[in-house]
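# Overview (structure and organization)
Residues per chain are reported as follows:
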Amino acid sequence: MRILRSRPRQGAAAAVSALVLALTTLTVPASQAHAAATPSGVLDSGTKSVTWQSPVYAKGTVDGPDKCGTAADDPDQAKCARFDLTVNPPAGQWDDNPEGGVPVSIQWQTPTDDFDMYIYDKDNKQVASSAGTADPEATVIPKASGTYHVVVVPYNVHNNSFTGKAYLPESTDAGNLTGFSGSHGTYDIAAGDLKARASFFTDETMRLQASPDGDLSGPAGSHMIQKQPTVQSHTSAFNAGSYYGIRSKGVVLRVYKKPLTFALYKADNRTAIWAEADPLRWTSGGMRQSLKRGSKEQFFGGGEQNGSFSHRDQVMNVGNNTDWDEGGYNNSQPFYISSAGYGVFRNTMTAGVYDFGSPVRTGQQEWRLDAYYFTGDTKKVIGEYTSLVGKPFMPPVYGLEPGDADCYLHNANRGERHTLDSLKIADSYNQNQMPLGWMLVNDGYGCGYEDLPQTGAGLNKSHTQLGLWTQDGLPNQAEEAKAGVRVRKLDVAWVGNGYGMALDACDQAKAGIEDNSDARGFVWLPVSWAGAQRCGVLWSGDQKLSWDYLRWQIPTYAGATLSGIAYNTGDVGSIYSHDPKMYARDLQWKAFLPAIMTMDGWATDITTKKPHDQQPWLDGEPYTSINRKYLQLKERLLPYMYTLSKDATKTGVGSVRPLSLEYPDDPATLGADAKYEFMSGSDFLVAPVYSDTDVRNGIYLPKGTWTDYWTGKTYHGPTTVNGYKAPLDTLPLFVKGGSIVPMWPKGTTSWETRNKSELDYDIYPKGTTDYTLYEDDGVTRKFAKGSSATQHVQVKAPTHGKGSTSIKVGASVGSYTGKPASRSYTFTVHAKDAPSQVAMAGGKLHRLDSAKAFAAAKSGWYTDPDTGVTEIRTPSLSTGHGFSVELRR
């Protein structure tokens, strides 16, 4: 059984103890009345801090606050400890406070033990938690006012107690400039006790550091930054009277004197990129920066932000969090992008609150500022950010195929099984003609494995890779990799503390596969931090199924791309609940995410309330056929998705994109309709059905020509489509005019068994467009040394619908193991009119009189009289030479 526990939001909690209270009674859990006898403390203008002490717990008690019982049930507080905290903040306390609320922490005498903390408001709604293994456990009650109930669960302790602390943070502002000096790219600045440093780099990145104690070092032990950028030594400073200016290649930093504030300008020193609205402000546990906001300025990023991708007028949290639902931010990152032409990475391992109101106020729970500023449009900023913390990794091709996860040994939910039983499931995927790239055969929480080498070998026969997940570390990586393990999933009991720990674990898991095999590491994790895109697929955690679950994931994964996260996904159909219709709808659109996984062994059918596994054939017809349709489509599109993965390793931009990334000048792409759509690459627009309906309304199509993938109907944007007929087997899917989409042949169910002697291209002619296909062996790391190939395709279509359409395919340039020496090509050309002839060098291709005849032919062409779509198949051609096809009207 998988144990689910929320994880901490890290915060700084340092205050002088003003009140010590002994906990003597228990209060009830959040769903019940609170006991009057619970010890308590007050924070107000007269009492700025509170400290209390817990009793000693001989051992762990329960695993969550819902099992604490009432104070009457447990008068000796043997299960859980409680404390009532009343906050009467002075007027204006939270108007502009760097910490944004009351920091609360618990610190135990033996750091290896584990107390978990949950905080509820007067209505018994959870407002904060910290439930990892950090010491101290720390969180913040946002904009606290009123009475709160602190519940502490002794989860895993051994004769241990804790000290609780809470305080009202008091703020200080930067004063007037008192020092300015520097040259060659580095400048030191002072305003009394506040010391700051501005550094400039050759890629036009700027770093600004500040601290009231003068310590400008980065976060201790941090591995976020892969390589510091090169210092730009050719800079100069000048005194402009009210400010000092620092001029670098592309920007000018203004350092205002009274009071000390900063502003970044373009090279002309007239066009502001960003400017501080107020001086830096700090407390004993936090610092914030305040920036002026443009009238139409938009904000993106923050890593995974469940339910949103655009944050103007919103408060965005970043930090360690395992709220798997809408509003959660478990894979968040301290990074954001502004449409004004800049992005900011806070080099920190502490939680932050980013308020994108006016002014914009971004604060972290630490007594320092360490920020990297990138300039340019959104894609450029993503590229610069990922150059700093790590580009998205290149997955193995089987990682882009569906995955399956279950517990086979000691499964409390499904009865006793054995690890080798997983082979039967892999065989069933094959029997049902459904792709399967990899399997996790254990879960770590009491579910281990046996016969691992035999399991790995057996899965390989079904064209499936062996995977394991872990809750507590990787002590046997070498042995497991030699047994065939090529996939890892890291769970919250190990990486739940997030920050550097999760990042190091991700790097370690990837390296464990790569150090012991020639494979590429493929790692999943549900809690991470900045830089995780370089090593892992980020997974949005354990959810229960609902139509809302389908809805809010759409902007979540698209928005994560804006932080350089190329692989962000959720369980198909969720983990705990099952419904055939919702499962099918969820699988449809997730087929256009690069990475997907089904979680089996934990779900209960919503209707019958009985256990229900979630392999995609188990619901029977019509669901099996619908699920097969989309899984096979996903498999056919792997050349397209694989090329996007390679592009991401260079640009930092993943395949799942909000419409605004591709159409930044269209304000409608930030509207309510476009929020629940996404682009898969630059060619597919996906508008998932996320309610119990067979009609999809509010489909926004930006400027351009869009073709319905299923019907061939053409739309001209910008436009909004209402009343779109979307029965259960239909995902609203549109292809942009001009698209050239590589595909594997129909019926492909595995990268290993695909027909390498054929490659298909789905073409939507419009003007002159290009596409470059990327290929390598799909599994080893030889691509990093240049073992790969590219093939350029250009399509020229007549501007006014008359004349010939040409398809020019270049030679495949480069080599890799397994590269085909020759192959035929099938082109599906979506056009209104049938050509009169189709010609290649050396002569005309034979026209066939039916779709059946075309399917049987080795070469030739056929136009469907109902749709106007023309299919062309070439004879087998050398990949070392280019060729052209002409559709003559």
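Here the structure is shown first, and the text comes after it.
Notes on the structure follow. Not measured: the values here are computed from a predicted model.

## Section: helix 2 (residues 422–431)
Taken residue by residue, helix 2 has Ser-422, Leu-423, Ile-425, Ala-426, Ser-428 and Tyr-429 as its buried positions. Tucked into the core, helix 2 has its buried residues touching strand 31 (403–405), strand 32 (438–440), helix 3 (452–461) and strand 40 (597–599). With its phi angle positive at about 55 degrees, Gln-433 sits one or two positions after the end of helix 2.

## Quick notes on the sheet that holds strand 8 (residues 126–130)
One open sheet holds the five strands; their spatial order is 2-5-10-7-8, and the pairing between them is mixed. Every other strand in the sheet has two partners, leaving strand 2 (40–43) and strand 8 as the edge strands with one partner each. With direction set aside, neighbouring strand axes in the sheet form an average angle of 20 degrees.

## What about the packing of helix 8 (residues 580–590) against helix 9 (residues 623–636)?
When two helices pack together, their arrangement is given by the angle between the helix axes and by the axis-to-axis distance. Put simply, helix 8 and helix 9 touch, their axes get as near as 9 Å, and they point 10 degrees apart. As the angle between them shows, helix 8 and helix 9 are arranged roughly parallel. From helix 8, Pro-580, Lys-581, Tyr-583, Ala-584, Leu-587 and Gln-588 reach across to helix 9, where they touch Tyr-623, Ile-626, Asn-627, Tyr-630 and Leu-631. Residue composition of the contact of helix 8 with helix 9, grouped by class: eight nonpolar, two polar and one charged.

## Overview of the state of the cysteines
According to the stated counting rule, one finds three disulfides in the structure shown. The residue that forms a disulfide with Cys-68 is Cys-80, at a sulfur-sulfur distance of 2.0 Å. Every disulfide takes its handedness from the sign of the S-S torsion; for Cys-68 and Cys-80 that torsion is -80 degrees, giving left-handed. Linking Cys-68 in the loop between strand 4 (57–59) and strand 5 (81–87) with Cys-80 in the loop between strand 4 and strand 5, this pair joins segments that are twelve residues apart in sequence. Residue Cys-80 is classed as buried on the basis of its relative accessible area of 0%. Disulfide connectivity for the protein, with bonded cysteines indexed by sequence position, reads 1-2, 3-4, 5-6.

## Concerning the nonpolar core
By size, the foremost hydrophobic cluster in this structure holds 112 residues, and its most contacted members are Phe-592, Tyr-761, Ile-807 and Phe-827. Considering each element in turn, this core owes the most residues, seven residues, to helix 7 (residues 547–560). In terms of nonpolar packing, the next biggest core, distinct from the first, is built from 76 residues, Met-224, Val-255, Ala-371 and Leu-503 among them.

## Remarks on the sheet that holds strand 14 (residues 179–183)
Whenever strands of a sheet pair, they do so through backbone hydrogen bonds, lying parallel or antiparallel. The eight strands are arranged 14-15-16-17-30-27-26-24 in an open sheet whose pairing can be described as antiparallel. Edge positions in the open sheet fall to strand 14 and strand 24 (299–303), since each of these has one partner strand only. Recorded for the sheet is a direction-independent mean angle of 15 degrees between the axes of neighbouring strands. As defined by bridge partners, strand 26 (residues 332–338) adjoins strand 27 (residues 342–346) across four bridges and the pair is classed as antiparallel. The partner of Tyr-336 across the bridge, within strand 27, is Val-344.

## Here we look at empty space enclosed by the protein
In the structure shown here, the tally under the stated rule is two cavities of 30 Å³ or more. Estimates place the volume of the largest cavity at around 40 Å³. The wall of the largest cavity is formed by Pro-402, Gly-403, Tyr-429, Leu-587, Ile-596, Met-597, Thr-598, Pro-616 and Leu-631. Partitioned by chemical class, the residues of the lining of the largest cavity number seven nonpolar, two polar and no charged.

Basis of the calculations
- Every chain begins its residue count from 1, and numbering advances along the sequence as written.
- This being a predicted model, a pLDDT of at least 70 is required before a residue's local features are given, and a value of 80 or more before pairs of side-chain atoms are given or counted; all residues contribute to the totals for chains, interfaces and linings.
- In computing side-chain values, all of the structure's heavy atoms are included and hydrogens and water are not.
- Think of it in three bands: residues with accessible area under 20% of the maximum for their type are buried, residues over 50% are exposed, and the middle band is partly exposed, with areas taken using a 1.4 Å probe on protein chains only.
- Secondary structure elements follow DSSP: runs of H or I no shorter than four residues count as helices, runs of E no shorter than two count as strands, and numbering proceeds from the N terminus.
- It only takes one pair of heavy atoms within 4.5 Å for two residues to be counted as in contact.
- DSSP bridges decide pairing: two strands pair if at least two such bridges lie between them.
- Angles run from 0 to 180 degrees between N-to-C directions of axes, and those axes are lines fitted to C-alpha atoms, restricted for helices to the stretch in contact.
- Any angle from 65 to 115 degrees is called roughly perpendicular, while one under 35 is roughly parallel, one over 145 is roughly antiparallel, and all others are oblique.
- Ten residues, namely Ala, Val, Leu, Ile, Met, Phe, Trp, Tyr, Cys and Pro, are considered nonpolar, four, namely Asp, Glu, Lys and Arg, are considered charged, and the remaining ones, Gly among them, are considered polar.
- Note on terminology: disulfide denotes any pair of cysteine sulfur atoms within 2.5 Å.
- Among buried residues, the Ala, Val, Leu, Ile, Met, Phe, Trp, Tyr and Cys ones that are joined through side-chain atoms within 4.5 Å form a nonpolar core.
- As defined here, a cavity is a set of points on a 1 Å grid over the protein atoms alone where a 1.4 Å probe fits but cannot get out. A pocket is an open set with protein on both sides within 12 Å along at least five of seven lines, and residues line them when an atom is within 4 Å of a point.
- Grid points are joined across faces, edges and corners, and a volume is the space filled by probe spheres set on the points.

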